[in-house]
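# Structural features, examined
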Amino acid sequence: MGKNYFTEYYNPGISFSTVGYIFLISLVFIVGSKFNLNIKENYLTGIILFLVIFLTFKRFEYYSIILSLLALMIIIMVKKNYFSIYYRETYVLGLLLCFLNILILGKLPLLNPEIRELSLTPLFVLGYSFVLVSNNFGILKSRYPNYLIFPMVSLLLFILYGFRTYIIILILSTMIMFYLLGKKEKTLYFALVGSIITIVLGYITILLLPQNWKLNPFELLWYRVTFTFDVFDKICATIGLKLFGNYSLLTETTTGYIISQEILNYSHNITSTIFGPPIFDGGIIEVMIFTLFVSISLFKLYNKTKTNKLLIPYYSLILSIFIVSIEISPYPLILLLIPLSIYISSLNSSSEQL
C-alpha cells in the first residue's frame, strides 16, 4: 500500500522472491509453534554469554567481556526473581542510570537529534533494561491507580531521549501486560495515549531534523515503514531464492550500513525488517533457522505464562521487542532474545509469590 501511495519515491509492486520468502517465513513460524524445545539452564546461560561476546567483540573488543558480565548479572536477577521482589528499587535504579546518562552527555537528546546515537551508552542500555522490566512488574503487582505511575513516568523518560523505538516498545509491552491480565479497556486507553505521543513526537522530529520534509507526521511514519519494506523487497530481489550465503553479518553488531552499501549503493544505517539481514546473509537456510527458533522461543514462553503469571512481564517485553524489530531489524543482536526466552520459560518461580 505504501509503495502505491508514495509513487514519487517507490515503484509499485513487489518481487516474486519477496512473496516466496514471506510465505516461507510464515510457514516456518507456524511450524515452530508446535515444537517444545527443552535445554538445561546452565547450557542456556553459556549460550547467552557466548553470544554477547561473539556479537559485540568486533565493535567493543575486550569491553565485550564487561557486557557479558552485565548480562550474567541480569540472568542472576531473573533467576533469583529479584525483578519481581524488588521491582520498585530496580525501577528507581533504572531511572537514575538513564538520568545520569543525560547529565554525562550534558544535552537533552530530544532537543539535540545529532547526539541521540551518542546517548546509546552501556549506562543507558542497563538503565532502560531495568526500567522496562520493572515497569511490567509494577503493573503486575501494584494496585490501581498506583500501577499507572510506572508506564507514565517511563513514557516521560523515553520522550526525553527522543527515541520512538523505545517509546513504542514501552507502549506495546504495557498494552500486552494489560491484555494478558484481562484489563482490555486499559489496553485500548494506553494504545490511544501512545498513538497521540507518537504523532506529537513526529511533529517534533520534523521541526528539529535538518531535512526539509514535505510529509506530515502520519505520512512520515508510513513512509518509514514503506522504506523498510522496500529495502526488504530489494534484498529478496537481489539475493533471490538461494539456499546459502557467506554468513558474514553474524560477527557484526549492526548490519544497516553494510546492507545499505550493498543494496542501495550508499552508506547509511537503514532498516530492512527483522528478516532482511538473515536473508541477505544466508538466504533460505539462515532465515528458516532464525524464524524457527524465534517461533519456538516465543510460543514456549507464552505457554508458560498461562500457568505462571510471574512470567507475563518478561513475555510482554520480549514480544514487544520482537514486534518492533520487525521494522527496525536489530539483527544479529536480536538473536540473544531466543535463548533468553527459553531460559526464562525454564524457570520454576511460582506465581504464588504474587
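Quick caveat: nothing in here was measured; it's all calculated off a predicted structure.

### Remarks on the layout of surface pockets
Each pocket or cavity is described by its volume, and for the second largest pocket that value is around 320 Å³. Taken together, 16 residues line the second largest pocket, and the ones lying closest to its centre are Leu51, Ile289, Phe293, Leu335 and Ile338. Elements that contribute at least two residues to the lining of the second largest pocket include exactly α3 (41-60), α13 (276-305) and α15 (337-345). Partitioning the lining of the second largest pocket into residue classes produces 15 nonpolar, no polar and one charged.

### Some points on the packing of aromatic side chains
Per the stated rule, a full pass over the model turns up 24 aromatic pairs. Taken together, a centroid distance of 5.7 Å and an interplanar angle of 70 degrees make the contact between phenylalanine 6 and tryptophan 222 edge-to-face. With phenylalanine 6 in the loop between α1 (2-5) and α2 (16-32) and tryptophan 222 in helix α11 (residues 217-239), this residue pair connects regions lying 216 residues apart in the sequence. Residue phenylalanine 6 is classed as buried on the basis of its relative accessible area of 3%.

### A word on α15
Side chains three or four residues apart in an α-helix point the same way, a direct result of the helix having 3.6 residues per turn. Of all nine residues making up α15, eight are buried, and the element is well covered by its neighbours. Within α15, the full set of buried residues consists of Leu337, Ile338, Pro339, Ser341, Ile342, Tyr343, Ile344 and Ser345. In this fold, the buried residues of α15 make contact with α3, α4 (63-79), α13 and α14 (312-328).

### Observations concerning the domain arrangement of the protein
Partitioning the protein into domains gives domain 1 (1-36 + 220-346) and domain 2 (82-212). Taking only C-alpha atoms into account, the centre of domain 1 sits 23 Å from that of domain 2. Opposite the 18 residues of domain 1 that make contact, domain 2 presents 20 residues. In this assembly, domain 1 packs against domain 2 so that about 1600 Å² is buried in total across both faces, 82% of it on carbon and sulfur atoms. At the surface where domain 1 touches domain 2, the tally comes to zero salt bridges. When residues of the side of domain 1 that touches domain 2 are traced back to their parent elements, those giving at least two are α11 and α14. Looking at which element gives the most residues to the side of domain 1 that touches domain 2, the answer is α14, with 12 residues.

### A word on the pattern of salt bridges
Taken as a whole and judged by the stated rule, the model has five salt bridges. Lysine 3 is the salt-bridge partner of aspartate 230, the closest N and O atoms lying 2.7 Å from each other. Of this pair, aspartate 230 sits in helix α11 while lysine 3 is found in helix α1, placing the two residues 227 residues apart along the sequence. Residue aspartate 230 shares its accessibility class with lysine 3, and that shared class is buried. Put simply, aspartate 230 and lysine 234 hold a salt bridge, and the shortest N to O gap is 2.5 Å. You can see aspartate 230 and its partner lysine 234 sitting in helix α11, four residues apart, about one turn around the helix. Looking at lysine 234, the relative accessible area reads 33%, which means it is partly exposed.

About the thresholds
- Residues numbered from 1 in each chain as written.
- Predicted model: local features only at pLDDT ≥ 70, side-chain atom pairs only at ≥ 80, totals over all residues.
- Heavy atoms only, no water.
- 1 Å grid on protein atoms, 1.4 Å probe; cavity = no way out; pocket = protein on both sides within 12 Å on 5 of 7 lines; lining within 4 Å.
- Points joined across faces, edges and corners; volume = space filled by probe spheres on them.
- Helix = DSSP H or I, 4+ residues; strand = E, 2+ residues; numbered from the N terminus.
- Nonpolar A, V, L, I, M, F, W, Y, C, P; charged D, E, K, R; others polar.
- Phe/Tyr/Trp six-rings, centres within 6.5 Å; stacked < 30°, edge-to-face > 60°.
- Buried < 20%, exposed > 50% of the residue type's maximum accessible area, 1.4 Å probe, protein only.
- Contact = heavy atoms within 4.5 Å.
- Domains from an automatic or database assignment.
- Buried area = accessible area lost by both parts, 1.4 Å probe.
- Salt bridge = Lys/Arg side-chain N within 4 Å of Asp/Glu carboxyl O.

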